[in-house]
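Secondary and tertiary structure notes
This is what each chain is made of:
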Amino acid sequence: KQWYKRRVRALAEMQAGRCDNSRRMQIRAMLLRAYEIQAILSPDEFNLRSTVMIENVSEQNILQAPLLELDGPSEELIPQIEAGAVHHLQEAASLSSGDLSDFYEAFEMLDEAERAKLDNEILPLLYKDLLFQHQIKPFTCRKNRYTQFGLSSPSDYLVKVQGIRLAMNELLKDTIKRDWMLRVGRDNTAKLLQLAGANTEEFSLAFNEMLEYISNGDNLTAIKDELKARRVSSVNVYDIVIDFCLLDSFDDLDAPPASVTSVISNGWISQSLRKSMLSTAVWGMISTKSGKAKPDGFLSKFYKIMGSLTPALAWGFLGDDATLKPICTSIRNNVLTALTKIFDEQRTNYTSLESLTEDLYQALFDCAEDLNSQLELVLS
C-alpha cells in the first residue's frame, strides 16, 4: 500500500506539472525502481524472469502505465518500453540508496526487529540496500557466525558479510593496498614461524606457489568448483582467507581431536617430546586431508601452506611455551576483536561502499601493525 500511495502521489504530481526538472527526474527514478521491484516480486504478472530491470522507460510511458490495484494485480502491468530494454538486474547499475529506501516499507518480509530498525531510520544506507537485496534473493555463506560476533540475527551477519565481500573486492582493485595485504600476511607469518623456531623457507615457497596459481585467471573455474564442494559460496578474501582458513582454524583450536588433547595433556612426557608428538599428529591430519584434494589444485596448495605452518604453530596455540603461547593467544584475540569491530555498524561505517572499504582497510591495518609490533618486540 505504501508503494501504491507513493506511485499515485508521484504520478499526480507529474501530471499536474507541479515539479521542476530535478524533481521529475527523481520521480522517474522512483517509478523505475517500482517497476523493477514489481518485476522481481511478481515475475509471472510481468511474464519476465525474476531478476530483470526495466530501463529506458520514457516519462510518457510511465504516465500511461496502469497502476497496481489494491484489491488485486492489474492484467496490464508492463509499461511500453523500448525494444531490448530488459537486462539482468545484477548487470545493471543500481539506483541510489535514497531511491531504493523509498520502497522498503512496501514489503513485510522483514522480521519485527528489522522492520523496527527501518521504521526508525537508524540503519546505514548501504546496509539498507544490502538488506533489501537479501530479502529478495538471500545471500549465503558456508557458516553463519552471527552469535560469534554478537550480531542480532543470521540475516544481520549475511548482509554484513556481503558488504565486506564488496569492500574486499574494492581493496583488491587498489594495487598498493593489495600488495600491502600480501606482503604483511607473508612477512608476519614468517616472523611467527621464526619465533616458533621453524624453517620459513618451506612456507615462502608454498605461499608463492599459491599466489602464482590464484593470479592465473584460467584457474578461477577450477577454484570455484573445488571450494563449492566445501560449501564456500563466494571466491572472496573474506570467505576463503578469513572464514575458511583463519576462523575455521580457530574453531579447530577450541575443539582439538582426541589424538591431540591426549598428547598435550600428558604431564608425564617432557615438553620437547610432547611438542614433537603434537607436530606429528597435526601433520598426519593435514596429510590425510591433502590426499583427498585434487592434485595441483587450490586445496592441494592450501594444505601445502598449512603443512608448513600448523605443525610448528600448533604448539604455540595449544602447548605451554612461555614465549610463543602468549603471542599466539594475542594474535587470535586481536583478529577476533578486529572482526567484531568490522561487523559492528556503530564502529564501522556501512553508509556507503567507499566508507565501508576505508574502515575495513583501517581495521586490517591496525590489526597487522599491532601483530608486527608484538613480533618485533619478542624477536629483538
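We now turn to the structure provided with this report. (Residues numbered from 1 in each chain as written. Predicted model: local features only at pLDDT ≥ 70, side-chain atom pairs only at ≥ 80, totals over all residues. Heavy atoms only, no water.)

1. A short note on the overall build of the protein chain
A tally of regular secondary structure across the protein chain gives 17 helices and two strands. By residue count, 43% of the 380 residues in the protein chain fall in the buried class. Relative to all contacts within the protein chain whose residues are 6 or more apart in sequence, the contacts with residues 24 or more apart total 68%. When the accessible surface of the protein chain is split by element, carbon and sulfur atoms take 51% of a total near 20,000 Å². (Helix = DSSP H or I, 4+ residues; strand = E, 2+ residues; numbered from the N terminus. Buried < 20%, exposed > 50% of the residue type's maximum accessible area, 1.4 Å probe, protein only. Contact = heavy atoms within 4.5 Å. Areas by Shrake-Rupley, 256 points an atom, 1.4 Å probe, with all protein chains shown as cover.)

2. What to know about the packing of helix H8 (residues 154–173) against helix H9 (residues 175–195)
At a minimum axis distance of 5 Å, the contact between H8 and H9 shows a crossing angle of 100 degrees. When the axis of H8 is compared with that of H9, the two are roughly perpendicular. Residues Met 168, Leu 171, Leu 172 and Lys 173 of H8 touch H9, and the partners they reach there are Thr 175, Lys 177, Arg 178 and Met 181. Classifying every residue of the contact of H8 with H9 by side-chain character gives four nonpolar, one polar and three charged. (Axes fitted to C-alpha atoms, helices over the stretch in contact; angles between N-to-C directions. Parallel < 35°, antiparallel > 145°, perpendicular 65-115°, else oblique. Nonpolar A, V, L, I, M, F, W, Y, C, P; charged D, E, K, R; others polar.)

3. Some words on the nonpolar core
Counting residues in each nonpolar core, the largest one holds 79 residues, and the members touching the most others are Tyr 238, Phe 298 and Phe 302. With 13 residues, helix H15 (residues 298–318) is the largest single contributor of residues to this core. Apart from residues lying up to four places away in sequence, Phe 302 is in contact with Met 210, Phe 244 and Cys 245. (Core = buried A, V, L, I, M, F, W, Y, C linked by side-chain atoms within 4.5 Å.)

4. Quick word on the packing of H9 against helix H17 (residues 353–379)
Packing of H9 against H17 leaves a shortest axis separation of 10 Å and a crossing angle of 30 degrees. Judged by the angle between their axes, H9 and H17 are roughly parallel. Handedness of the crossing formed by H9 with H17: left-handed. From H9, Lys 177, Trp 180, Met 181, Val 184, Asn 188, Lys 191, Leu 192, Gln 194 and Leu 195 reach across to H17, where they touch Tyr 361, Leu 364, Phe 365, Ala 368, Leu 371, Asn 372, Leu 375, Glu 376, Val 378 and Leu 379. Tallied by class, the residues present in the contact of H9 with H17 amount to 13 nonpolar, three polar and three charged. (Left-handed = near helix turned anticlockwise from the far one by under 90°.)

5. Focus on the pattern of salt bridges
Per the stated rule, a full pass over the model turns up 17 salt bridges. Of the charged contacts in the structure, one is a salt bridge between Arg 145 and Asp 251, with a shortest N-O distance of 3.0 Å. Of this pair, Arg 145 sits in the loop between helix H7 (125–136) and H8 while Asp 251 sits in helix H12 (residues 237–254), placing them 106 residues apart in sequence. Residue classification places Arg 145 among the buried positions, given a relative accessible area of 3%. For Lys 173, the salt bridge identified is with Glu 170, shortest N-O distance 2.9 Å. Residue Lys 173 and its partner Glu 170 are both found in helix H8; the two are separated by three residues, about one turn of the helix. When its relative accessible area of 29% is taken as the criterion, Glu 170 is described as partly exposed. When salt bridges that share partners are traced, they join Arg 142, Lys 143, Arg 145, Asp 243, Asp 248 and Asp 251 into one network. (Salt bridge = Lys/Arg side-chain N within 4 Å of Asp/Glu carboxyl O.)

Coordinates in, geometry out; function isn't part of it.
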